[in-house]
Amino acid sequence: MADVDHDEEPHLLEEDQFLQEVHSFSFWFEAIEGYLEDRPRGYVETLGEPTDSKTMSDADRDQLITTLCNYCVGESTALEASSGLVRMAPNNHSRIFLATQVADEARHLEVFLRRLEMLGVTNPEAEVEARAASGLVEFRKRLLDLVDQGDWEAAVFAQNVLLESMEDTVFKFHESVADTITQQMLEGVVADERRHLGFGENDLGRRLAHDPDGRSRLAAIRADLDPLVLASFDSVYRELGLSREDQPQLGKEYLATVERLGLTT
Amino acid sequence: MNGPVDAAIDEVPPSSFQPESADGDEPPRQRFELEDTGFKEVPKRWRKFYRIWQGEGDSLGPNEVICPVCKVVIRSHREFRPGDRVYCMPCMSRMVVVRRPDGSLEAEVTY
């Protein structure tokens, strides 16, 4: 952890002090402790089963299972990809941060699988496989291929910018309409996504500033992968019962990010 | 406290922020006492420097800007001015404060 005066504000830190602080394991641990200490399984268990969970209709339950199955695909993809990225990280700051992301993604997967069990799914692994959206499965394959090829920039873009942006938008919306238990689980997941998104944008932003030619390469990869993820999360909105005109702008925050990075085509 | 307005406690010159203009045509910066608003996504000692944007009906104080990356409100003990450096710890972004044509202050990411 950076050696800082605790009476000072963060904006007075030197840049290297700031990066050392936010990439540290202790920063991560104290941050997640803030919003997870009373919910080791992702929700406040002492409240018992809330009424909205008990009274959920069969149709709503089935739709929620499909949605959660696709969240599990996204989280298991991020878990595998981020663990692969640890090995090719360019420096120790990134390596340590990615180790915390691996733990975050594993926890997300665990809480979503647990929610499936709570909803009566007896074999969550099989259910996830059966209900996974084809676009998301294809995206998973492409992302893991990028990791296997050792393409750091493309993999960070696909995972920490594209996938995390889409998840962040969808999870925030779902949080606003979900039953109490699912809402509490999503709240904890969204808090983690901020770190993952920020890491991706800032890492790529620094790299592209010194490698302008890299922009056209990433823009091409983006054009290839965008439809897979956009279509997958668009289908989640439909599962949540939203008509197209009522859907929040799915790609708005993502497009703002790619514009800041200069990846618009 | 979830509102954007913190109590201005006095007016003092800035220290490490952008210096006042040499000819002294700008008033000293306001200083603000910050309260923890319940934002839990950073370690305790940093929590009062961030808050969740409440959406419609919310507004920013002169010591607040929104992080363009993660949309959290970034806060300071001091009134912000163009050129100030700010850090968003929740998403690990570094920014500089800029003034828009309409006079409002915004944070721009610096990679």
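Just above, that's the structure.
Residues numbered from 1 in each chain as written. Chains lettered and ligands numbered in written order. Predicted model: local features only at pLDDT ≥ 70, side-chain atom pairs only at ≥ 80, totals over all residues. Heavy atoms only, no water.

**Digging into the interface of chain B and chain A**
Phase 1 of the analysis: Taken together, the contacts link 36 residues of chain B with 34 residues of chain A.
Phase 2 of the analysis: Roughly 3,300 Å² of surface becomes buried between chain B and chain A when both sides are summed, with 57% attributable to carbon and sulfur atoms.
Phase 3 of the analysis: On the chain B side of the contact with chain A, Arg-45, Met-92 and Tyr-111 of chain B bury the most area, a combined 26% of that side's loss.
Phase 4 of the analysis: Counting the contacts that link chain B with chain A gives six salt bridges.
Phase 5 of the analysis: Close ionic contact of Glu-9 of chain A with Arg-78 of chain B constitutes a salt bridge, the shortest N to O distance being 3.4 Å.
Phase 6 of the analysis: Counting only elements with at least two residues in the side of chain B that touches chain A, the list comes to β5 (73-75), β6 (85-88) and β7 (93-99) of chain B.
Phase 7 of the analysis: Element by element, the count of residues in the side of chain B that touches chain A is highest for β6 of chain B, at four residues.
Phase 8 of the analysis: Here the residues of the side of chain B that touches chain A are counted per class, giving 22 nonpolar, four polar and ten charged. (Contact = heavy atoms within 4.5 Å. Buried area = accessible area lost by both parts, 1.4 Å probe. Salt bridge = Lys/Arg side-chain N within 4 Å of Asp/Glu carboxyl O. Helix = DSSP H or I, 4+ residues; strand = E, 2+ residues; numbered from the N terminus. Nonpolar A, V, L, I, M, F, W, Y, C, P; charged D, E, K, R; others polar.)

**Points about the packing of helix α5 (residues 92-118) of chain A against helix α8 (residues 152-177) of chain A**
Residues and elements named next belong to chain A.
Phase 1 of the analysis: At a closest axis distance of 14 Å, the pairing of α5 and α8 adopts a crossing angle of 40°. In terms of their interaxial angle, α5 and α8 are classed as oblique. α8 is crossed by α5, and the crossing has left-handed handedness. Judged by residue contacts, Ser-94, Leu-98, Gln-101, Glu-105 and Phe-112 of α5 engage Trp-152, Gln-159, Asn-160, Glu-164 and Phe-171 from α8.
Phase 2 of the analysis: When grouped by side-chain class, the residues that make up the contact of α5 with α8 number four nonpolar, four polar and two charged. (Axes fitted to C-alpha atoms, helices over the stretch in contact; angles between N-to-C directions. Parallel < 35°, antiparallel > 145°, perpendicular 65-115°, else oblique. Left-handed = near helix turned anticlockwise from the far one by under 90°.)

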